[in-house]
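Each chain, letter by letter, is given below.
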Amino acid sequence: MKKKIVITGGAGFIGSHVVRQFVLKYPEYHIYNLDALTYAGNLENLRDIENAANYTFVKGDITDEEFIQELFQKEQFDGVIHLAAESHVDRSITDPLAFVKTNVIGTVNLLQAFKALWQDNWQDKRFYHVSTDEVYGTLGESGLFTETTSYDPNSPYSASKASSDHFVRAYGETYNMPYVISNCSNNYGPNHFPEKLIPLCIHNIIHNKPLPIYGDGKYTRDWLFVIDHARAIDDVFHKGGNTETYNIGGFNEWQNIDLVKELCKQMDQVLGRTAGESEQLITFVKDRPGHDLRYAIDATKINKELGWSPSVSFPEGLAKTIDWYMNNQEWLANVTSGAYQDYYKEQYK
Ligand code: NAD
Ligand code: DAU
């Protein structure tokens, strides 16, 4: 019988790339995509594989305890790859409870349902929790996050993700649930919702709108192409040690202001604008409260133990990303209509 793997949040940015990777690469698995289709979930992201024989979409909310218990009992999932989350830091600042509900309670619901199913025999079962480097808090101007860096989350988003990481570990310790966790840096690439820095700037450059830079723009992030994260998730799920944590990153640090200038440069060429035209859209705005100065990942462990490393260079990834948005302007127009307008007005008023 085929192994049944449920991927939560599979209609979102990273989840859709993970679902595609697993559906295409593993015909011996049946992949269930469990997603509530919030503002961030979009089945358009998966049109190319939606009719695959080894794929099923299930619309459902991980915070709905009864529904999750029944679904797990019915489908008897062998593995869980858990990505469903509220993922945007700015939204967590205005509505922390939504993050507690999905990221903490939702995760515990999944753990409970998996435990109810297999606690008498965990053989060949695995709960994989996909987390973020933000649980480690902020770095100063030097140093890197390793797997042993202490947790020190600063935003309601990162606190909720840290909490969910702790619950996963607790289920491993208390109930012997086989688990693995990964903590990744900032992803970018196709299908990224335009509330996040890179797709927001691409959208605004196309429409000649201001590019909002928080504070002085000197905040630093480590960027990884989303398909490389999906490859890493594949490696961690299949080869990662039980109860282990793996940091995933691109060894690719950029200050926000430099990144946005680079994006403007590439967009000028693509849009046939004169050099420096899009840069004039850069606008410094009020800083994000509790803004973490710098994230940077030491991805040595996953490289040495699982043989993973990023395969897409930043210039190549950025060019592919711009190309995707230029060729998918209908996708961009659809996701930025309606509720997005209200969010944008409120966030950048
Ligand atoms: P996203 O916001 O693009 O997608 C989240 C998905 O989860 C959406 O499809 C949404 O519909 C679904 N979802 C939300 N609440 C749900 C609920 N209650 N029940 C079922 N489905 C629900 O997020 P993303 O950027 O793709 O991030 C995916 C995961 O990876 C998250 O756990 C995030 O913390 C983690 N992560 C993200 C990044 C990044 O740079 N984006 C980096 C490291 C880790
Ligand atoms: O590090 C991993 C995390 O990366 C993930 O866990 C999160 O889900 C993901 O959203 C991302 O968090 P960030 O807060 O780093 O991403 P965001 O794109 O929101 O912001 C990137 C940087 O750009 C950050 O320093 C804030 C800044 N920024 C962001 C926006 C939206 C701006 O200057 N202006 C903006 O308008």
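Residues numbered from 1 in each chain as written. Chains lettered and ligands numbered in written order. Predicted model: local features only at pLDDT ≥ 70, side-chain atom pairs only at ≥ 80, totals over all residues. Heavy atoms only, no water.

J.: Can you lay out the packing of aromatic side chains for me, pointing to particular residues and giving the numbers?
T.: For the coordinates displayed, the defined rule picks out 25 aromatic pairs. For the pair Tyr 39 and Phe 193, a centre-to-centre distance of 5.1 Å together with 80 degrees between the ring planes defines the contact as edge-to-face. One end of the pair, Tyr 39, is in the loop between β2 (29–35) and β3 (55–59); the other, Phe 193, is in the loop between β7 (186–188) and α6 (197–206), and 154 residues separate them in sequence. Exposure remark for Tyr 39: the relative accessible area of 28% places this residue in the partly exposed category. Phe 193 gets classed as buried once you look at its relative accessible area, which sits at 8%. Pairing Tyr 171 with Tyr 175 gives two aromatic rings, centres 4.9 Å apart and planes at 55 degrees, and the pair type is tilted. On the criterion of helical spacing, the pair formed by Tyr 171 and Tyr 175 is a turn pair, its members being four residues apart in helix α5 (residues 156–175). Under the relative-accessibility criterion, Tyr 171 is labelled buried at 8%. (Phe/Tyr/Trp six-rings, centres within 6.5 Å; stacked < 30°, edge-to-face > 60°. Helix = DSSP H or I, 4+ residues; strand = E, 2+ residues; numbered from the N terminus. Buried < 20%, exposed > 50% of the residue type's maximum accessible area, 1.4 Å probe, protein only.)

J.: Please give an account of the sheet that holds strand β1 (residues 3–8) that cites residues and values.
T.: The strand order β3-β2-β1-β4-β5-β6-β10 describes an open sheet built from seven strands, whose pairing is parallel. The open sheet is flanked by β3 and β10 (245–248), the only strands paired with a single partner. Going across the sheet, the axis of each strand differs from the next one's by a mean of 20 degrees, ignoring polarity. As paired strands, strand β5 (residues 126–132) and strand β6 (residues 179–184) are joined by six bridges and run parallel to one another. Bridge assignment links His 129 to a residue of β6, and that residue is Ile 181. Seen against the sheet, helix α1 (residues 13–25) touches β1, β2, β3 and β4 (79–82) and runs at an angle of roughly 165 degrees to β2. Strand contacts of α5: β5, β6 and β10, with the helix running at about 155 degrees to β5, the strand carrying the most contacts. (Pairing = 2+ DSSP bridges. Axes fitted to C-alpha atoms, helices over the stretch in contact; angles between N-to-C directions. Contact = heavy atoms within 4.5 Å.)

J.: Residues and numbers for the pattern of salt bridges, please.
T.: Applying the stated rule across the entire model yields 17 salt bridges. Its salt-bridge partner being Arg 294, residue Glu 253 comes within 2.7 Å of it at the nearest N-O pair. Of this pair, Glu 253 sits in strand β11 (residues 253–255) while Arg 294 sits in the loop between β12 (282–285) and α9 (300–306), and the two are 41 residues apart along the sequence. Residue classification places Glu 253 among the partly exposed residues on the basis of a relative accessible area of 38%. Taking the relative accessible area as the measure of exposure, Arg 294 reaches 7% and is therefore buried. Residues Lys 265 and Glu 262 are paired through a salt bridge, measuring 3.6 Å at the closest nitrogen-oxygen approach. Note that Lys 265 and Glu 262 are positioned in helix α8 (residues 256–271) at a spacing of three residues, about one turn of the helix. Lys 265 gets classed as exposed once you look at its relative accessible area, which sits at 53%. Overlapping salt bridges bring together Lys 4, Lys 74 and Glu 75 as one network. (Salt bridge = Lys/Arg side-chain N within 4 Å of Asp/Glu carboxyl O.)

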